[in-house]
Amino acid sequence: MDKINIGMIGYKFMGKAHSHAYRDLPLFFPNTIRPEMKVICGRNTKGVAEAAKQFGWEEYTTDWKTLIKREDIDLIDINAPSDVHKEITIAAAKAGKHVFCEKPLALTLKDSREMLEVVEAAGVKHMVGFNYRFAPAVMLAKKLIEEGKLGDIYHYRAWFLQDWLVDPNFPLAWRLQKEIAGSGSHGDLGAHLIDLAHYLIGDMTEVIGMSETFIKERPIATNTTGLSANSSNAQAEKGKVTVDDATLFMTRFANGALGSFEATRYGTGHRCTNSFEINGSKGSVIFDFERMNELQVYFTDDHEDVQGFRRVLATDPSHAFAENWWPPGHTIGYEHTFIHEVVELMEAFKENRQPVPNFHDGVKCQQVLEAVDQSIEKRQWVSISEV
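Throughout, residues of each chain are indexed from 1 in the direction in which the sequence is written. Local features in this predicted model are restricted to residues of pLDDT 70 or higher, and side-chain atom pairs are both shown and tallied only at a pLDDT of 80 or more, whereas totals for entire chains, interfaces and linings draw on every residue. Each side-chain value is derived from all of the structure's non-hydrogen atoms; neither hydrogens nor water enter the calculation.

Another point: unusual backbone geometry. In this model, Lys103 is joined to Pro104 through a cis peptide bond whose omega is -15 degrees. Position of Pro104 among the secondary structure elements: in the loop between strand 5 (98-102) and helix 5 (109-122). One non-glycine residue with positive phi stands out, namely Phe321, at about 70 degrees. Examined against the element boundaries, Phe321 turns out to sit in the loop between strand 18 (310-313) and helix 9 (334-351). Numbering of helices and strands starts at the N terminus; helices are DSSP runs of H or I of at least 4 residues and strands are runs of E of at least 2.

Below, the structure is given as structure tokens:
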């Protein structure tokens, strides 16, 4: 196998990110399997036709059901809104197609478990889109933990702060509607925080949380793209916001560490502050995606007169994926996390294994999301194992 033929469903924010990854991967990672951009699918004929031309897809269609039946398609990439993830995934797997699905995996834990069951029964490869794992600085933090450089882990603090909803007249985009998105900042931003915690620290045992929807109604949207939307005017008919604007929760990890998480779209002044701090018995690390090439590192065994956090620029050949990019110090960006993600997917095909993260990770994330929701409703601690 030297190539994988891809049919992609979705063509906006994530569709552009995935398309860029498929196009650039062969240039920088020539020794892995080549993704072939065969067909892109979307509901709007004009929009998907323009996307196909701009992004470099061979064909376009508005019928995903026909797409998944095509014999020349190996992998179905799903980056459409969350409410269609389950239906498309199950149909694709039953048609013998491998599946790459954006997060969150589904609207509910029950649906995500059903999706996992179907892809496992079909024997296809499955991956979930947690791209932040693939920042070299994050992978360096993982390496330091696994090597014992931080010692016993005591604290994990994570926060994902954005501010694109601060304007009360921002329209009612699909991400603010529970029936489409599943949840708000919790499932959109918090899902990434939860997956990074699982990746870096391990399983959680119990959670307690709280949430708030600050603006209850917004003007009906006439068009949405990524994190932007339009309405006729601020006096347009308004609809109810049915998701959270901000969710915070605390957790206990199986290894004894304590964790705190904050996800909000009202962090004024924060465009994409996806950060974590990990404190251990021998040292600490701090990561901020807005400075994604850097990891702040502290070790207790440094000499007293030079102790303090140091800035490590994760661009040297010794860092994950870095030798395929530029000379040391020449940084990479958001789009490169998707390229690294696709490298992992293509390498999984080459080595005949499941890629990581896969639907098992997606279900585990969904389990925590739902446990937090139950905790908020019950106003008490909730055990993850009981969800």
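We are not done yet, so read on.
The disulfide definition used here is simple: a pair of cysteine sulfur atoms within 2.5 Å. Under the definition given, this model contains 0 disulfides. Cysteine Cys365 remains unbridged, with the sulfur of Cys101 as its closest cysteine sulfur at 12 Å.

Further remarks concern the sheet that holds strand 16 (residues 283-288). Two strands qualify as a pair provided DSSP detects at least 2 bridges between them. The 9 strands lie next to each other as 18-17-16-15-7-14-13-8-19, forming an open sheet whose pairing is mixed. The open sheet terminates on both sides in strands that have one partner only, identified here as strand 18 and strand 19 (382-383). Examined bridge by bridge, strand 7 (residues 153-161) and strand 14 (residues 258-264) share 7 bridges and lie parallel to one another. Across the sheet, residue His155 finds its bridge partner in strand 14, namely Leu258. By definition in these notes, contact holds between two residues if any of their heavy atoms fall within 4.5 Å. Axis geometry follows a simple rule: fit a line to the C-alpha atoms, using only the stretch in contact for helices, then measure angles between N-to-C directions, giving values from 0 to 180 degrees. Set on the sheet, helix 6 (residues 136-146) makes contact with strand 7, strand 15 (273-280), strand 16, strand 17 (294-299) and strand 18; between it and strand 17 the angle comes to about 25 degrees. Contacts between helix 10 (residues 359-378) and the sheet are confined to strand 8 (204-212), strand 13 (246-253) and strand 19, with strand 8 contributing the most and set at about 60 degrees to the helix.

Relative accessibility under 20% of the residue-type maximum defines a buried residue, over 50% an exposed one, and the middle range a partly exposed one, all with a 1.4 Å probe and only protein chains included. Counting buried positions along strand 1 (residues 3-9) yields 6 of 7 residues, so the element is predominantly enclosed. One ladder, built from 7 bridges, connects strand 1 with strand 2 (residues 34-41); its direction is parallel. What sits directly across from Met8, in strand 2, is Ile40. For the segment spanning strand 1, helix 1 (residues 13-28) and strand 2, crossover handedness is right-handed. Judged from the 4 bridges that link them, strand 1 and strand 4 (residues 75-78) form a sheet pairing that is parallel. Bridging across to strand 4, Ile9 finds its partner in Ile78. Handedness rule for crossovers: strands pointing away from the viewer, path from the first strand over the helix to the second running clockwise, crossover right-handed.

Coordinates in, geometry out; function isn't part of it.
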